Amino acid sequence: MIIAFIIVLGIIMILAAVIAVMSKNLLTAIIASGVISLLASIIYLILSAPDVAMTEAAIGSGLTTIVFLYALSRIKKINREVDDD
Amino acid sequence: MIKRILIIAILILIVVIFLPFVKNIVLKDSLNSLSSDYIETTSKDLKAANIVTGVVVTFRGLDTLGEVTVLFIATAGVGFLLRRKHEKSGKVKKRPASEILSTGASFLFPLVIFFGVYIFLHGHLTPGGGFQGGVIIASAFLLLLLSNIHFQFNHNILHWVESLSGAIYVLLGLLGLILLGSFLDPRFLPLGTLGKLLSAGAIPLIYSFIGLKVGSELSNILDSLRGAEE
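Residues numbered from 1 in each chain as written. Chains lettered and ligands numbered in written order. Predicted model: local features only at pLDDT ≥ 70, side-chain atom pairs only at ≥ 80, totals over all residues. Heavy atoms only, no water.

Engineer: So, the overall build of chain B: which residues are in play, and what are the values?
Structural biologist: Across its full length, chain B carries 8 helices and 0 strands. Rg of the C-alpha trace for chain B: 23 Å, well past the compact-globule value of 17 Å for 230 residues, more than 25% over. Principal-axis analysis of the C-alpha atoms places the extent of chain B at approximately 65 × 65 × 35 Å. Contacts spanning at least 24 positions in sequence make up 70% of the contacts within chain B whose residues lie at least 6 apart. Summing over all exposed atoms, chain B offers an accessible surface of approximately 14,100 Å²; the carbon and sulfur share of this is 71%. (Helix = DSSP H or I, 4+ residues; strand = E, 2+ residues; numbered from the N terminus. Rg over C-alpha atoms; globule rule 2.2 N^0.38 Å. Contact = heavy atoms within 4.5 Å. Areas by Shrake-Rupley, 256 points an atom, 1.4 Å probe, with all protein chains shown as cover.)

Engineer: I'd like a rundown of the overall build of chain A, residues and numbers included.
Structural biologist: When helices and strands are counted, chain A shows 3 helices and 0 strands. Each helix (α) and strand (β) of chain A, taken in turn from the N terminus, gives the series α-α-α. By its C-alpha atoms, chain A is 60 × 25 × 10 Å across when sized along the principal axes. Of the roughly 5,400 Å² of accessible surface on chain A, 76% is carried by carbon and sulfur atoms. If you average the places of the 5 positive and of the 6 negative side-chain charges in chain A, the two averages end up 4 Å apart. (Lys, Arg positive; Asp, Glu negative; His and termini not counted. Charge placed at Lys NZ, Arg CZ, Asp CG, Glu CD.)

Engineer: So what about the interface of chain B and chain A? Which residues, and what values?
Structural biologist: Contact with chain B, which involves 20 residues of that partner, is made by 14 residues of chain A. Taking both partners together, chain B and chain A bury about 1,700 Å²; carbon and sulfur atoms supply 70% of that area. Run the count over chain B and chain A and you get 0 salt bridges. Our count for the contact surface shared by chain B and chain A stands at 2 residue pairs in polar contact (both at pLDDT 80 or more). Listed by contribution, the elements that provide at least two residues to the side of chain B that touches chain A are helix 6 (130-147) and helix 8 (203-229) of chain B. Broken down by element, the residue count for the side of chain B that touches chain A peaks at 6 residues, all from helix 8 of chain B. (Buried area = accessible area lost by both parts, 1.4 Å probe. Salt bridge = Lys/Arg side-chain N within 4 Å of Asp/Glu carboxyl O. Polar contact = N/O pair within 3.5 Å; in protein donor to acceptor, adjacent residues only side chain to side chain.)

Engineer: Please set out the packing of helix 5 (residues 99-121) of chain B against helix 6 of chain B residue by residue, giving values where relevant.
Structural biologist: Helix-helix packing: each pair is described by the crossing angle between the helix axes and the interaxial distance. All names here are of chain B. Interhelical geometry of helix 5 versus helix 6 gives an angle of 165° and a closest axis separation of 8 Å. It follows from the interaxial angle that helix 5 and helix 6 lie roughly antiparallel. The handedness of the crossing between helix 5 and helix 6 comes out as left-handed. Here the contact of helix 5 with helix 6 is composed, by residue class, of 17 nonpolar, 8 polar and no charged. (Axes fitted to C-alpha atoms, helices over the stretch in contact; angles between N-to-C directions. Parallel < 35°, antiparallel > 145°, perpendicular 65-115°, else oblique. Left-handed = near helix turned anticlockwise from the far one by under 90°. Nonpolar A, V, L, I, M, F, W, Y, C, P; charged D, E, K, R; others polar.)

Engineer: How would you explain helix 4 (residues 61-81) of chain B if you had to name every residue and give the values?
Structural biologist: Three- or four-residue spacings in an α-helix give side chains the same orientation, since the helix completes a turn every 3.6 residues. All names here are of chain B. In a regular helix each residue adds 1.5 Å, so 21 residues correspond to 30 Å; helix 4 covers 30 Å between its end C-alpha atoms and thus fits that length. Among the residues making up helix 4, those that are buried are G61, T64, L65, V68 and T75. Down the axis of helix 4, the smallest arc covering the buried residues is 100°, so these residues share one side. In helix 4, the exposed positions that point more than 90 degrees away from the buried face belong to L62, V70, I73, F80 and L81. (Expected span 1.5 Å × (residues − 1). Buried < 20%, exposed > 50% of the residue type's maximum accessible area, 1.4 Å probe, protein only. Arc of directions from axis to C-beta.)

Engineer: Quick one: what's the story with the packing of aromatic side chains, residue by residue and with numbers?
Structural biologist: All names here are of chain B. Tallying each qualifying case throughout the model produces 3 aromatic pairs over all chains. Ring geometry for F109 versus F141: centroids 5.5 Å apart, planes at 65°, classification edge-to-face. Taken as a pair, F109 in helix 5 and F141 in helix 6 lie far apart in primary sequence, 32 residues in all. (Phe/Tyr/Trp six-rings, centres within 6.5 Å; stacked < 30°, edge-to-face > 60°.)

Engineer: Could you give me a rundown of the pattern of salt bridges, with the residues and numbers involved?
Structural biologist: Residue and element names in this part refer to chain B. Tallying each qualifying case throughout the model produces 1 salt bridge over all chains. E217 serves as the salt-bridge partner of K213, at 3.1 Å between the closest nitrogen and oxygen. Here K213 pairs with E217, and both are found in helix 8, just 4 residues apart, close to one helical turn. Like K213, the residue E217 is buried in the burial classification.

Engineer: Pulling in residues and values, what's your account of the nonpolar core?
Structural biologist: Y169, I206, I210, L218 and L222 of chain B are the most contacted members of the largest nonpolar core, which totals 36 residues. Listed by contribution, the elements that provide at least two residues to this core are helix 3 (50-84) of chain A together with helix 4, helix 6, helix 7 (155-180) and helix 8 of chain B. For this core, the element with the most residues is helix 8 of chain B, which contributes 10 residues. Excluding its chain neighbours within four sequence positions, the residues that come into contact with L222 of chain B are L63, I66, V67 and Y70 of chain A together with A138, L142 and L145 of chain B. (Core = buried A, V, L, I, M, F, W, Y, C linked by side-chain atoms within 4.5 Å.)

Engineer: Any details on the environment of R60 of chain B? Residues and values, ideally.
Structural biologist: All names here are of chain B. Here R60 is to be found in the loop between helix 3 (51-59) and helix 4. The exposure class of R60 is partly exposed, given its relative accessible area of 39%. Along the primary structure R60 and L184 are separated by 124 residues, whereas in three dimensions their C-alpha atoms are 9.1 Å apart. Setting aside anything within four residues of it in sequence, one finds R60 in contact with Y38 and V55.

Structure (structure tokens):
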């Protein structure tokens, strides 16, 4: 049962990874990469590694996603300034 | 076309390389000598209930020092690349956050800070520790940054907290070297009883300073990213 759950999570992770790579929309790619980390943290929790799960959930899916979003908004702002000129 | 074929060939090569490792995995039902030694010594010599913390802070304390250094260099790099441009600020008008976000953030902020402090203070008892607690504190400040557009970090306090906690961390390690003969040995403080808050020597102290350092560094990264955006 647990192994089946882990396999389902792994399949969703692979799908999210493919979406993150293939997606033309950067926002979708960032969210997909956050989903990968979130599911990975659930798998760590199931495999009884709560320390790693906490780190992965906080850094991987929380902070990294936010840093990417900030970077994306900067890129968009730079593009807008280039268009204005 | 050739690119596609090359990619597929590389993927097949990777499978061929890693297949023997996956095939030969044998799940052991007993611990090897190193792990059983870790388990025995953390509860007996260090009195740390959380074995992972005992390994991370004591047996591999030098690794942790290296990780903190890497994080510090990353923060310095981000701060250097995204220096504030004062002359450009005030150009873009920002919309204030909605009522729900600002009320929820002001309600949640102290709770999240409290949770982060709890996690790094109880690092030697429950899962978690300095890194996790520090990240949670940084996420609390992120909530504040998102909900309040006029919020400004006091950079003096941030820099002092970061550099002082880093220096004290190294000093505690040197204290172990001087008093007990090995770097980052936490046993120069009384060990106490297993499972109590004041136990495991200097481990809670060291982990608290790691937590403060990580929290202030990550808040600094978020602040410089946002500051550059304005």
